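Read off the chains here:
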Amino acid sequence: MNETLVEIRPLDRLLSAYAGRDAARHWLVWAYDARLAQVVRTTTEPLIGQMRLAWWQDVLTDENGAKGRGEPLLAAMRAAGVAGHPGLDSMLDGWEALIGGEAPDPAALRTFGVGRGGGMFRALAGADEGHGEALEQAGALWALWDLSGHVGSRAEVEAAVEAAREFLGGAPTWDWPRRWKPMRLAAELARDDITRGQAAPRTLTPRLYARLLRLALVGR
């Protein structure tokens, strides 16, 4: 796996490392998420942003693999069999909910959480093993927690935290399958902060790293 295809955040890199033999696949899903985030972050005209996201929808659903040749990340996703994973299209819908220039309302935040987070957790899982709804709830909790650490105003932070609260009850507390460890860690980091009404840290702080290690070693 060529990790220079796209830079992913330090926390995402650590979570991928816990995926064991699936680490390369997880890296690609995180890289895809980072690319969609970049589209939203750099969009000044909503229509242009929607077109850029629609391009990804078009190439990911191209069964012949003819569209989008020359895009290194897409080529890597196709080579690894990731391009057709369930959840990738939902991630597009989730990120699109943030395009518009205005602070997202509760409905847009919910769409973002379920789409980006639920879609990502399903893509990382590969197969939901009958726990699709729980994965979606846990993913939405994580995505809104993560968003709370990257929005600008205090009002937007509070709105993201409040939106995440909706998913506290639905996010699973059962024993996750061992190969889903990265999602368990991400969801538990989010659960701990949102339960206390706290936003995610903006970067991988020493405290967040210590929390991750504790959860990885001994669980909750």
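The structure contained in this document is the topic of the report that follows. (Residues numbered from 1 in each chain as written. Predicted model: local features only at pLDDT ≥ 70, side-chain atom pairs only at ≥ 80, totals over all residues. Heavy atoms only, no water.)

### Structural notes on the overall build of the protein
In step 1: A count of helices and strands for the protein gives 10 helices and 0 strands.
In step 2: If you list the helices and strands of the protein from N to C, you get α-α-α-α-α-α-α-α-α-α.
In step 3: Relative to the 2.2 N^0.38 estimate, which gives 17 Å for 220 residues, the radius of gyration of the protein is 16 Å and therefore close to what a compact globule would have.
In step 4: Taking all 220 residues of the protein together, the buried fraction comes to 51%.
In step 5: Considering only contacts in the protein between residues 6 or more positions apart, those separated by 24 or more positions represent 66%.
In step 6: When the accessible surface of the protein is totalled, it reaches about 10,500 Å², and 52% of it is carbon and sulfur.
In step 7: For the protein, the separation between the mean place of its 26 positive charges and that of its 28 negative charges on side chains is 7 Å. (Helix = DSSP H or I, 4+ residues; strand = E, 2+ residues; numbered from the N terminus. Rg over C-alpha atoms; globule rule 2.2 N^0.38 Å. Buried < 20%, exposed > 50% of the residue type's maximum accessible area, 1.4 Å probe, protein only. Contact = heavy atoms within 4.5 Å. Areas by Shrake-Rupley, 256 points an atom, 1.4 Å probe, with all protein chains shown as cover. Lys, Arg positive; Asp, Glu negative; His and termini not counted. Charge placed at Lys NZ, Arg CZ, Asp CG, Glu CD.)

### Things to note about the packing of helix α7 (residues 132-148) against helix α8 (residues 154-165)
In step 1: Running from N to C, α7 and α8 cross one another at 165°; their axes reach a closest spacing of 8 Å. Here α7 is positioned roughly antiparallel relative to α8, judged by the angle of their axes. Crossing geometry of α7 relative to α8 is assigned as left-handed. The residues of α8 that touch α7, namely those facing Leu141, Leu144, Trp145, Leu147 and Ser148, are Val157, Ala160, Val161, Ala163 and Ala164.
In step 2: The class makeup of the residues in the contact of α7 with α8 is 9 nonpolar, 1 polar and no charged. (Axes fitted to C-alpha atoms, helices over the stretch in contact; angles between N-to-C directions. Parallel < 35°, antiparallel > 145°, perpendicular 65-115°, else oblique. Left-handed = near helix turned anticlockwise from the far one by under 90°. Nonpolar A, V, L, I, M, F, W, Y, C, P; charged D, E, K, R; others polar.)

### Here's the deal with the pattern of salt bridges
In step 1: Counted by the stated rule, this structure contains 16 salt bridges.
In step 2: Close ionic contact of Arg116 with Asp146 constitutes a salt bridge, the shortest N to O distance being 3.0 Å. Here the residue Arg116 occupies a position in helix α6 (residues 106-125), and Asp146 occupies one in helix α7, the gap between them amounting to 30 residues.
In step 3: Residue Asp146 is classed as buried on the basis of its relative accessible area, which comes to 7%.
In step 4: Two residues, Arg122 and Glu136, come together in a salt bridge whose shortest N-O distance is 3.7 Å. Of the two residues, Arg122 is situated in helix α6 and Glu136 in helix α7; the sequence distance between them amounts to 14 residues.
In step 5: With a relative accessible area of 26%, Glu136 lands in the partly exposed category.
In step 6: Through salt bridges with shared partners, a single ionic network connects Arg9, Asp12, Asp33, Arg116 and Asp146. (Salt bridge = Lys/Arg side-chain N within 4 Å of Asp/Glu carboxyl O.)

### Focus: a nonpolar patch on the surface
In step 1: On the surface, a cluster of nonpolar side chains totalling about 410 Å² of accessible area is made up of Tyr209, Leu213, Leu217 and Val218.
In step 2: As for its position among the elements, Leu217 is in helix α10 (residues 206-218).
In step 3: The exposure class of Leu217 is exposed, given its relative accessible area of 73%. (Patch = residues over 30% accessible without salt bridge, like charges linked within 9 Å, V, L, I, M, F, W, Y side chains within 5 Å.)

### Notes on the packing of α6 against α7
In step 1: At a closest axis distance of 6 Å, the pairing of α6 and α7 adopts a crossing angle of 120°. With respect to α7, the axis of α6 lies oblique. Handedness of the α6/α7 crossing: right-handed. In this structure, α6 contributes Leu109, Phe112, Gly113, Val114, Arg116, Gly117, Gly118, Met120, Phe121, Arg122 and Ala125 to the contact, and α7 contributes Leu135, Glu136, Ala138, Gly139, Ala140, Trp142, Ala143, Leu144, Asp146 and Leu147.

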